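Structure at a glance
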Amino acid sequence: PPEVVPQAPEDPLFGLMRAFRADASPDKVDLGIGAYRDDNAKPWVLPVVRKADEILRNDPEANHEYLPIAGLASLTSRASELLLGKSAQAISEKRVASVQTISGTGACHLGALFLARFYKTNGAGRTVYLSNPTWANHRQIFSNVGLPLATYPYFNKETRGLDFDGMKGTLADAPEGSIILLHACAHNPTGVDPTPEQWREIAAIMKAKKHFPFFDTAYQGFASGNLDRDASAIRLFVEEGFELVIAQSFAKNFGLYGQRAGCFHFVASPSSEAADITTRVASQLAILQRSEISNPPIYGARIASIVLNDDALFAEWQENLRTMSGRIIAMRKALRSKLEELGTPGQWNHITDQIGMFSFTGLNETQVLKIRSDAHVYMTKNGRISMAGLNTKNVGYVAKAIDKVVRE
Ligand code: PMP
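Residues numbered from 1 in each chain as written. Predicted model: local features only at pLDDT ≥ 70, side-chain atom pairs only at ≥ 80, totals over all residues.

The name that an unreviewed UniProt entry assigns to the protein chain is Aspartate aminotransferase, with the source organism given as Trichocladium antarcticum. As its UniProt record puts it under Subunit (unreviewed entry), the protein chain is described as follows: "Homodimer." (UniProt positions renumbered as here; feature names shortened; annotations may be inferred.)

Set out below in structure tokens:
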């Protein structure tokens, strides 16, 4: 009966994808899902991923056996170096526990489950603070494991930039030891990141309040095109000695979306007990993982591992990342200049100021629905567009469609 299992609403983003597929218009443009597309609006298998796949398929030793519970060690170890740096003290001091997960979503879930079980089980200060707005899935991932949720201000609608004062104020007022979810780079959905100086201030407040950082990194290499720079916020917090966790996705930066490759990492604060704490955390993560998925999927993990363990392929991967981030930056410039050429009412500098995969256009829900029905341009109701959906052929069309709804 409906009172036992009521009908749930369709996931808004996957619903949008379905509506796009069903639209027969030849003009339709998909700016919904955050997946990279090439200049022909087609999915792009990274050339380096094709090479690694070839190596894997020709490996006579490759098979379909189970991975260990914590996943492929040759992936998880390189994955932690990618985040923290090859010569990170946290790694040499054995203060990092890493587990391969079902992409970034699975990493967020495992982290949430771990914290629900072990973080301040006596109640106070267990609230998870999410940025307002944030990736739509965060809310359900953390509430699924019973952690209380709150939000901190993030986006300033007037400047279409960071509401830094609002963010700092809420972090300073939050109960001591709260869990703060931070997007490491290329914030989804706003495309707005704190500056290095602002990150230092955030770290100082969080340290004073003994808050617990939960980093989510799904776009390393996409924000600046530089892997190290895109990890600098995480590295700052680790160098500041925080105990923290990181959910890492390889969906976007390897284009391995459906392979579900990712990792969860715990980093202990430096202390004489740190290595021991890390071993205990790893043992508990293994128990949780075993009951949830037993062991993670192997194929995408092997592809990422092949690339991360070979200097030449690693260099080629960085080149592929620059291709993707470079095309996105070019599309930001193109969209902004077309809107400015059209004299579209309003300021459009935020399109090039924002970074990563997404831009928060500032279009309201009425305009979003109108541009969908009139021009067949699909974006999420909050006015977020995936920049990768733009290309040299459709950017002029999209600019004109935006111009039209803004003037109406
Ligand atoms: N976190 C954020 C902020 C994201 O945008 C995404 C991808 N949309 C993810 C995590 C995880 O995605 P996936 O599970 O595909 O790795």
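Picking up where we left off.
Check the secondary structure of the protein chain and you find 16 helices and 13 strands. Relative to its length of 408 residues, the protein chain is compact, with a C-alpha radius of gyration of 21 Å against a globular reference of 22 Å. Structurally, the protein chain occupies a C-alpha span of about 65 × 55 × 55 Å along its principal axes. Per-residue burial over the protein chain gives 45% buried out of 408 residues. (Helix = DSSP H or I, 4+ residues; strand = E, 2+ residues; numbered from the N terminus. Rg over C-alpha atoms; globule rule 2.2 N^0.38 Å. Buried ≥ 20, exposed ≤ 12 C-beta atoms within 10 Å, placed from the backbone.)

Within the protein chain, residue pLDDT values average 95, and 99% of them lie at 70 or more. Our summary of model confidence lists the complex with pTM equal to 0.96 and ipTM equal to 0.99. (pLDDT = per-residue confidence, 0-100.)

Domain parsing of the protein chain yields domain 1 (12–44 + 325–407) and domain 2 (73–309). Centre-to-centre separation of domain 1 and domain 2, based on C-alpha positions: 29 Å. Sorting the residues of the side of domain 1 that touches domain 2 by element identifies helix H1 (12–22), helix H13 (311–342), helix H14 (349–353) and strand E11 (358–360) as the ones contributing at least two each. When residues in the side of domain 1 that touches domain 2 are grouped by element, the largest group, three residues, is from E11. Looking at the side of domain 1 that touches domain 2 residue by residue, the class counts come to nine nonpolar, nine polar and two charged. (Domains from an automatic or database assignment. Nonpolar A, V, L, I, M, F, W, Y, C, P; charged D, E, K, R; others polar.)

The next point concerns the site of the ligand. In the neighbourhood of the ligand, the contacting residues comprise Gly34, Ser103, Gly104, Thr105, Trp135, His183, Asn188, Asp216, Ala218, Ser249, Ala251 and Gly262. Its residues placed into classes, the shell around the ligand shows three nonpolar, eight polar and one charged. (Near = placed C-beta within 6 Å.)

Another point: the sheet that holds strand E7 (residues 179–183). One open sheet accounts for seven strands, arranged E2-E10-E9-E8-E7-E3-E4; its pairing is mixed. Bordering the open sheet on either side are strand E2 (96–102) and strand E4 (149–153), each of which pairs with just one other strand. In this sheet, adjacent strand axes meet at a mean angle of 25 degrees when their direction is disregarded. Against the sheet, helix H11 (residues 274–292) contacts E2 and strand E10 (261–267), and its axis sits at roughly 15 degrees relative to E2. (Pairing = 2+ DSSP bridges. Axes fitted to C-alpha atoms, helices over the stretch in contact; angles between N-to-C directions. Contact = placed C-beta atoms within 7 Å.)

Further remarks concern the nonpolar core. Soluble globular proteins tend to pack their nonpolar side chains together in the buried interior. Residues Ile180, Ile234, Ala304 and Val398 are the most contacted members of the largest nonpolar core, which totals 113 residues. The element contributing the most residues to this core is H13, with seven residues. (Core = buried A, V, L, I, M, F, W, Y, C linked by C-beta atoms within 7 Å.)

Below, the discussion takes up the packing of helix H15 (residues 365–375) against helix H16 (residues 395–407). At a minimum axis distance of 10 Å, the contact between H15 and H16 shows a crossing angle of 125 degrees. The pairing of H15 with H16 is recorded here as oblique in orientation. Judged by the twist between their axes, the crossing of H15 over H16 is right-handed. Of the residues in H16, those in contact with Gln367, Lys370, Ile371 and Ala375 of H15 are Ala401, Ile402, Val405 and Val406. Classifying every residue of the contact of H15 with H16 gives six nonpolar, one polar and one charged. (Parallel < 35°, antiparallel > 145°, perpendicular 65-115°, else oblique. Left-handed = near helix turned anticlockwise from the far one by under 90°.)

Below, the discussion takes up the packing of H13 against H16. In the contact formed by H13 and H16, the axes pass within 9 Å of each other and the chain directions differ by 45 degrees. By the angle between their axes, H13 is oblique relative to H16. As for the relative orientation of H13 and H16, their crossing is right-handed in sense. In contact with Met331, Ala334, Leu335, Lys338, Leu339 and Leu342 of H13, H16 contributes Val395, Gly396, Val398, Ala399, Lys400, Ile402 and Asp403. Split into classes, the residues belonging to the contact of H13 with H16 amount to nine nonpolar, one polar and three charged.

What follows covers the environment of Ile287. Relative to the elements of secondary structure, Ile287 occurs in helix H11. On the basis of neighbour count, Ile287 is assigned to the exposed category, with 11 C-beta atoms found within 10 Å. Counting along the chain gives 30 residues from Ile287 to Tyr257, while the straight-line C-alpha distance between them is 26 Å.

Over its 32 residues, H13 runs 47 Å from end to end, which matches the ideal 46 Å to within 8%, given 1.5 Å per residue. Those residues of H13 that are buried are in contact with helix H2 (47–57), helix H12 (299–308), H14, E11 and H16. Just beyond H13, the residue with positive phi is Gly343, at close to 70 degrees. (Expected span 1.5 Å × (residues − 1).)

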